[in-house]
Each structure stands twice: as C-alpha cells, then as structure tokens.
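For reference, the chains in residue letters:
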Amino acid sequence: MEQFKGQSRLPKFAVPKRYDIHLKPDLTACNFAGSVAIHLHIVADTTFIVLNAADLSVHSASLSFDSGSSSSSSSKVLEPSKIELVEADEILVLEFPHTLPLGIGVLNIAFQGTLNDKMKGFYRSTYEHNGEKKNMAVTQFEPADARRCFPCWDEPACKATFKITLDVPSELIALSNMPIIEEKVDGHRKTVSYQESPIMSTYLVAVVVGLFDYVEDHTSDGKLHPLFSFRLVRLQLFLLTFVILHLHIGIKVRVYCQVGKADQGKFALDVAVKTLGLYKEYFAVPYSLPKLDMIAIPDFAAGAMENYGLVTYRETALLYDEQHSAAANKQRVATVVAHELAHQWFGNLVTMEWWTHLWLNEGFATWVSYLATDSLFPEWKIWTQFLDETTEGLRLDGLAESHPIEVEINHASEIDEIFDAISYRKGASVIRMLQSYLGAECFQRSLASYIKKYACSNAKTEDLWAALEEGSGEPVNKLMNSWTKQKGYPVVSVEVKDQTLVFEQSQFLSSGSHGDGQWIVPITLCCGLYDARKNFLLQTKSETLNIKEFLSDKSNSASAWIKLNVDQAGFYRVKYDEDLAARLRYAIENNYLSATDRFGILDDSFALCMARKQSLTSLLTLMGAYREEVEYTVLSNLISISYKIVRIAADATPDLVDYIKQFFVSLFQCSAEKLGWDPKTGESHLDAMLRGEVLNALALFGHDLTLNEASRRFHAFLDDKNTPLLPPDTRKAAYVAVMRRVSTSNKLAFESLLRLYKETDLSQEKTRILSSLASSPDPNIILEVLNFLLSSEVRSQDAVFGLAISIEGRETGWTWLKDNWEHISKTWGSGFLITRFVSAIVSPFASFEKAKEIEEYFASRSVPSIARTLKQSIERIHINANWVQNVQNEKHLAEAVKELAHRKY
C-alpha cells in the first residue's frame, strides 16, 4: 500500500462510469450518513482500488466489489483483505486477495461524515426563520472536496454520471444538479430521487437542503438576441448523454434564497435567462441540462460556484435589493451570474484535464462574462471597466513570486492558491489580447468548434490553441505559449530616433529588478489620430519602425502623439521617452485620447514609478493632466493610485503628505461638485458608482466639507432608515467619513455602525459597514474592530472585508495577527480565505526590518496553503521599502508637490 502514498494523482487501474449516491443529512446533529455504488471499469490488472476520501469514516463491513453486472452468471462479490484510509493524502486504499477481473464492476461503500463549518465539502450554513436559528446543508466541492462527502475519483478528468438520492426532513426543499423524478414522504422525512446527470466531474456535483423561497422564469425557445451580431456557425446538433425534454418551452430557471427575500432574486433571474440565450448563440450549442437553479447561501467562502445545473452564490453576488443595494452591487450580480453561466459550457460541458489548466475555466469565464454583460447593459461601458481586471493581473504578475498561467500542481493542498489574479484576470486579459489579434468573428467561430469537439470530455490549453490556430491560420500556439508557460510580462520601451520608432522589450518587475523573459508581443499603435494605425508582432528583443508616413507635416507638432497598446488590449506595459510622454500628457489635457488609452497611460506610469523607472514628480505631474476627467473607470483608477501614493509618502516624506492630499482633493473636487451627494434623475449607472468613490476619497484625504456633510447625512440616516439623504451608493463613503473622526474618546459613530451591522439582514449592507470600520486613525479602535471580526457576530466568510486597515493601524494589525494566528489558522486555514489575512495585514508595510520580522515569525508557521501568498506579501514590502528610499532621494519633489497643491484648477 505504501506505493500509493505521497502521489499527486490517483493510479489509473480503474475508471468510474457512474455513481449511485444516497445521502441522509441530520441538520440538528450536523452529521450525515451515506452510501455509494460506483460503477467501475477495471482497465488494468490490479489487486488494488485507490480512490479519494477525506474526513469520512468508512464502514469496512460495507465494502465490496461486485465483479460483473447483476445479470451476469459469473458475477462475484469480492471483499478487500486490507483497507487503509490515508488522511495525509486523502485516499482510501483497498487491497484484494486476488487480481480483479477486467471489465465492469460495482464498488459499494457505506460511510458517515460531519456537516462541517469550514464552507467546504458537505457543510452547514446557518440562517434565521421566524426568529429561530436553523441549519441548512450545502456542498462546495471545487477544487478537491467532493471526497469529504463521498468516496470518489476526485479529479476533473475522471468524469462520470451521477444518480443522487436524498433522505431529508419532509418540510425542507432539497436541490441537486438535476430535476426531481420522485419524492416519497414518510412521516417527518422524505426520500427525493433525481434524474441521472450527464457525464461530469466530481467537483461539479451539488446538493443543498434547507427552507427557501424562489422566483422562476423560462428561457425563450431560441429566438436570436438582437444585440449579438455574431455570424453564427451552422453546427450539427450533437447528442449529449441525454435528451432535453420539452425544448419548445425553454429551460426552467429559478433563483432560490432565504424565505422572505424572493424579490431580491428577480434581477439575477432576468440576467440568467437572457444570458443563457446569448451563450447558446455564441457557443453555437444549447445549454445542456433541463433546468438551471441558482441559490444564495448565507455562508459561502467564494463569490459563487458553477455546479452543473445548481449554481451556488454568496448572497451579495446573487441578490439585489432595489432600495438598499448600490449600483456597484447590481453590476457585481450581473457579472458574477454571467461568469457562472459561462462555466456551464466552458468548464462543465468541456472541462480542464487537470488543475494546471484551471485558467481555461476561470480566465475564459471572466472574459466572456464581460461579453455578455456588455450585450445586456451597453450603457455600463463594461469593456472599459475590464481594464481593472487587467491591472490586477499586471499587479500580481509584476512580482518575482508570481507564477505562470499554466502552473504545475503536485498536491491537492496547492490548488486553492492558484484561484488568483493570474488564473482569472491575467487569463481573461490574454484571451482578450488574442481575440483582439485574431478578430472577434474568427475567434467566436473557432471557439464554437472547440466546444463541439470536446463536449462531455476534457481539454488542455494546447487543445484550445489548436482550434484557434485551425480557424485563423495564425501561429496561435507559438504566440500564446510565451504568455501561458512563463510568468511575467514585458514592458515595451519606445523612443523616436530620426523619424523611426525604436522598440525594446524587457521583463517588467515591480521591484525594478532585471528579468530575462521574452514574449511575442502583439503591438498596436496610433500616431496623432485613431485612423492612423499600425499593427505588428514584436518577436525579438528590439525592433524599429519607420513612421515618416504617419508624421508627415505634423512631425514637430505637440499634437503628434504616439500611443502604443491601443485600447489596452495587450497584456504589457509601455515606457515612453520624455518627448513622447510629454506629447501624450498634452493629448490627455486636450481630450484627444479614448478613455481606455487615458487609463493605460496613467496605470503604466504608476507601475513604472513604483519600479523606480520614473520619478514620483513626473507621475504627479501626469495626474494633474486628468483634472477634467469624467470617465468612471479612469477616475476610479486615479483614486486608487492616489491612495497608494499617500501611503508611500507617509513613510517616505511625512512632511509632504498634507500637500499631496491637498493636491488630490483639488483633483477630485471638480467631479465631487458635479456629482454632489444626491442622485440625479436619469443619471447614468457609472455616475452613481463614481459618486461614492469620489466622496470616499475626499473623506480619506481629510476634506472637511465632505466629512461634515457625511456626518450630517449619517445622523439623518440613523434617525430614519428611509431618508433620501443617504442612498446606498454613498453609504460606504459616509461610513468611512464618520470612522475617520472616531477615536477612543469619541466612539458614538462607531457604536452606531456596529448597531446598524447587527440590525440589517442585507449582506451587502453588512459588507459595506465591515469594510469601513477599520478606517479610523485610532489604533485602539482598530484593535476593537479586528477583535469584532473574530466574534460570532461576523460570519467567517465576511471577516476578511474588515481588514482594510488605515495606515495608522498597520502595527496594531500585525500584533493582532500574531496574537490570534492560532485561532485564525484553525478557523480559516483549510480554505483560500486565510491568504487574505496574510496579504491584507503584511503587504502594506514598507521597511526591510519589518519584512525580516514577518519572515522570521512565519518561518515555523507557514503551511502550503499560504506559502505563495506569504512570499508575494514579503516581496511587496521590499518593493515598498525600495520605493520609499527612491522617493526620499528625489531632488525636486517638495517644490513640485507644493506647486501642485497650490495650483488652482
């Protein structure tokens, strides 16, 4: 048996074909009993069967292998001579006295488990009904936790069909992936049987048992959506593993939620119904199950999970309350629903072969969710907002401790850490770059043929490239390998020499260090006008391009700007020579550039400043060019960059911080005055989102007028929750503002916010309050907030929202983390949320001494699930510390900052 220990993958002696699963959860005792009959194909001579199992007690007397079907005269029941449950490797090893016969057989296992409180496997979530606290039973199996519910081959390539039966209290609703075929009530309990599923991976199996309300709708029977102007590929309808009955009435779609919240499910329901229609056209394949349920779970670690036919969500990602949700909440619901439904094709129908290819699922679903959201809500300008995804991908991938998109996974414990900005955001960004390079129509056509070819099976990254290469005739595999198989990305430096542009690529690292990566970079550029475009592939370290034809009579004019990476479609940064940078600054001031390009120039400039390739003086001067900026995404990025600058300045040049804040206040005041505190009739969704962000910034920078007005409106809201003075879009800004004035001797607003937190049953409002509390400058208040996060008042899924600590509270946060590390690692250590505690508390520091102290503390406490995050967080401290030193050595910073602070806009 020793040979199977410490292996990253299960041996291939046996292949599961079908699972018959029977589960009986006890919601009072919080445990469950179960049995599974696994129909296996024994494909190689073996005396062993090895499968996954964890946190289960297996009844050894129940274990048997029935060799051959029941109708076969040679059918023989074999019992294992030796059984070992290896908890360290989460495997169940069965040894039989004789070699098992090749062919089909049935493995029978009975087992028991606990409905845990870890939000993974088969777990319990709590809710209130008629004032009484109750438990519901929920599953969360991705990436590798189906094994905590039933013994199985818990790897994505081991696809099988599933026949599920549940034994539950008769008054409860019991849901699974497929529709119910039979329900037998016997007194206080009932047995619910579901249709057999199509072939799928174990991580997509789902069960939810509890008390719920729902809203329902149906998809139309396939009329084309007018907003999707893609030329559809005529595909033969291929047979899946079952037939969808009653296709003409469409797919039944339901949104389930806690009793009394059904109205909050209507928006997500509408988005889901329309999105299923969009994807049916885009992928040229209909949704493959007879129903789609989406359910809001009160305790849920991730944002949502794409279980086939039964998608589970956090309440904040599925429910939308017309009166109390903000515009940003509405957008989040739409994009998350679109993301999870994309997985029904890209992930569920066609599944990655192994977790190395996780990005295929997540990067693709992230990209296509923007495609769907843009189609449904064009006024949201969601593709401009996509730049936030790219920026987050670039930010993580600029670290030496990043990882390639395709990352080797050797053990189940390593999987959680790659559900990160590389798999999701860099993944989505390189898909967008490739689609931009190949063209939308060619890309869509090739994708449809990929889905058709690999439906009901598994695929690797190379399979997608092969389909796109075949459809486009372009060397996709060669081009994309440089982006998925190595970590990092390039910065392309560009300068003008005698009417020739000289390009040079090198790896960009936020530390300013030299990297040795090289990429095939799709370069796009415009000269002076968006009509004058040029595209080429930069395949070497350097390249030149004659631009005489572009410049013509405007060669010496300041308006002859040159912009690389047009519309920020490429996953790289650009460094311009001084002359080109000055021309772009002029183009920004005169509004010659698109919002995406204004965003890109700002973001690249900030990244180069952090990497010490550009001075803070030149970055602040560039920011001054955005004084008349009106575009939501650009202003939003301007605001987040200003926060980071103030934090670095607090360490580097504390005497200049007030001047820098004054400059930022003057930069955002124009927008604040235009938007005001009150929503305007008929205003755009983007203005509604921007208002809160601008007011939040002014509050954090100590703008007295904003702080006073926030306080006035906050107190009006305390007196009357229906007051129009504090609508959802500005609540977070008001909460932050009142917390900025909270101290040990003035705690009233803090206590009021805690009371609001306890009184509300809206998850989005709870999140708003939690993310505001640690804004106080008083370290004693910060400690109270952090201790509150560990109390029973805060669901463990939400505690991480309270870690947005003010710069004054950094040291308090670190001491608190050390004092509570044992409790934190015990409570959150088995999922990915633990990484948020590490990154939020550790990353903001900016001294080499602190980096050393943190490293020493974790030397004996690091575990695989936080190892990568810890290294990345410590690297960020080093980057900050170097940046601080660089800023301190800037000669003319003080006079530039004072000049900018006193400039009248």
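Going along each chain's sequence as written, the residues are numbered from 1 onward. At least 70 in pLDDT is required for a residue's local features to be given in this predicted model, at least 80 for side-chain atom pairs to be given and counted, and no such filter applies to totals for whole chains, interfaces and linings, which use all residues. Water and hydrogen atoms were dropped before computing side-chain values, which therefore reflect all heavy atoms in the structure.

Undergrad: Quick one: what's the story with the packing of aromatic side chains, residue by residue and with numbers?
TA: When we look at a pair of aromatic rings, we describe it by the centre distance and by the angle of the planes. Here the aromatic set is Phe, Tyr and Trp, taking the six-membered ring for Trp, and pairing holds for ring centres within 6.5 Å; pairs whose planes are under 30 degrees apart are stacked, those over 60 apart are edge-to-face, and all others are tilted. In this structure the tally under the stated criterion is 51 aromatic pairs. Ring centres 5.0 Å apart and planes at 65° place the aromatic pair Phe32 and Phe122 in the edge-to-face group. Of this pair, Phe32 sits in strand S2 (residues 31-42) while Phe122 sits in strand S10 (residues 121-129), and the two are 90 residues apart along the sequence. Directly above the aromatic system of Phe508 lies the positively charged group of Arg573, at a separation of 5.8 Å from the ring centroid. Note on geometry: a ring has a charge over it if NZ (lysine) or CZ (arginine) is within 6 Å of the ring centre and within 35 degrees of the ring normal. Looking at Lys850, its charged tip hangs above the ring of Phe845, at a distance of 5.1 Å from the centre. In this description a helix means any DSSP run of H or I spanning at least four residues, a strand means any run of E spanning at least two, and both kinds are numbered starting from the N terminus.

Undergrad: Provide a residue-level description of the side chain of His685, including the pertinent values.
TA: Tracing the backbone through its elements, the reader meets His685 in helix H15 (residues 685-700). Exposed residues in this analysis have more than 50% of their type's maximum accessible area, buried residues have under 20%, and partly exposed residues fall in between, with area computed by a 1.4 Å probe over protein chains only. Owing to a relative accessible area of 12%, His685 belongs among the buried residues under this scheme. Only 2.8 Å separates the side chain of His685 from the side chain of Gln331, close enough to count as a polar contact. Every residue in contact with His685, bar those within four places of it in the chain, is listed here: Ala327, Gln331 and Trp380. Pairs of N or O atoms within 3.5 Å make up the polar contacts considered here, provided that, within protein, one atom can donate a hydrogen while the other can accept it, and that residues adjacent in sequence are counted only when both atoms are side-chain atoms. Contacts are assigned to residue pairs that have any heavy atoms within 4.5 Å of one another.

Undergrad: For the confidence of the model for the chain, give the residues involved together with the corresponding values.
TA: Along the chain, pLDDT gives the predictor's confidence residue by residue, from 0 to 100. When the pLDDT values of the chain are averaged, the result is 93; 95% of them are 70 or greater. A low-confidence stretch, residues 222-248 stays under pLDDT 50, and its non-local contacts, those more than four residues away or across chains, total 52 contacts.

Undergrad: Explain helix H1 (residues 266-282) to me, and be specific about the residues and the numbers.
TA: Look at H1: 24 Å from first C-alpha to last across 17 residues, which is about the 24 Å you get at 1.5 Å a residue. Restricting attention to buried positions, one finds in H1 the residues Phe267, Ala268, Leu269, Val271, Ala272, Val273, Thr275, Leu276, Leu278, Tyr279, Glu281 and Tyr282. Looking at the buried positions of H1, the neighbouring elements they touch are strand S17 (213-218), strand S18 (252-257), strand S19 (291-297), helix H2 (327-343), helix H3 (358-376) and helix H6 (440-454). Directly beyond the C-terminal end of H1, a positive phi value near 55° is found at Ala284. Expected helix span is computed as 1.5 Å times (number of residues minus one).

Undergrad: Before we move on, could you go through the packing of H2 against H15 and cite the residues and values that matter?
TA: Helix axes are fitted only over the stretch in contact, all axes being lines through C-alpha atoms; the angle between N-to-C directions runs from 0 to 180 degrees. It is at 8 Å that the axes of H2 and H15 come closest, and there the two elements cross at 120°. One element, H2, and the other, H15, form an angle in the oblique class. Where H2 approaches H15, its residues Ala327, Ala328 and Gln331 are matched on the opposing element by His685, Ala688 and Met689. Each residue is assigned to one of three groups, with Ala, Val, Leu, Ile, Met, Phe, Trp, Tyr, Cys and Pro labelled nonpolar, Asp, Glu, Lys and Arg labelled charged, and all others, Gly among them, labelled polar. Here the residues of the contact of H2 with H15 are counted per class, giving four nonpolar, two polar and no charged. Angle categories are assigned with fixed cut-offs, so that under 35 degrees is roughly parallel, over 145 is roughly antiparallel, 65 to 115 is roughly perpendicular, and the rest are oblique.

Undergrad: Quick rundown of the sheet that holds strand S30 (residues 573-576)? Include the residues and the values.
TA: The strand order across the open sheet formed by four strands is S28-S25-S24-S30, and the pairing between neighbours is mixed. The open sheet is flanked by strand S28 (542-546) and S30, the only strands paired with a single partner. Put simply, the sheet's adjacent strands are angled 25° from each other on average, direction ignored. Following DSSP output, two strands are said to pair if at least two bridges run between them. Pairing between strand S25 (residues 500-507) and S28: five bridges, direction antiparallel. From the neighbouring strand, Val502 faces S28, where its bridge partner is Thr544. Together, strand S24 (490-497), S25 and S30 form the strand contacts of helix H10 (residues 578-589), whose direction differs from that of S30 by roughly 105°. Of the strands in this sheet, S24 and S30 are in contact with helix H11 (residues 595-610), which crosses S30 at around 80°.

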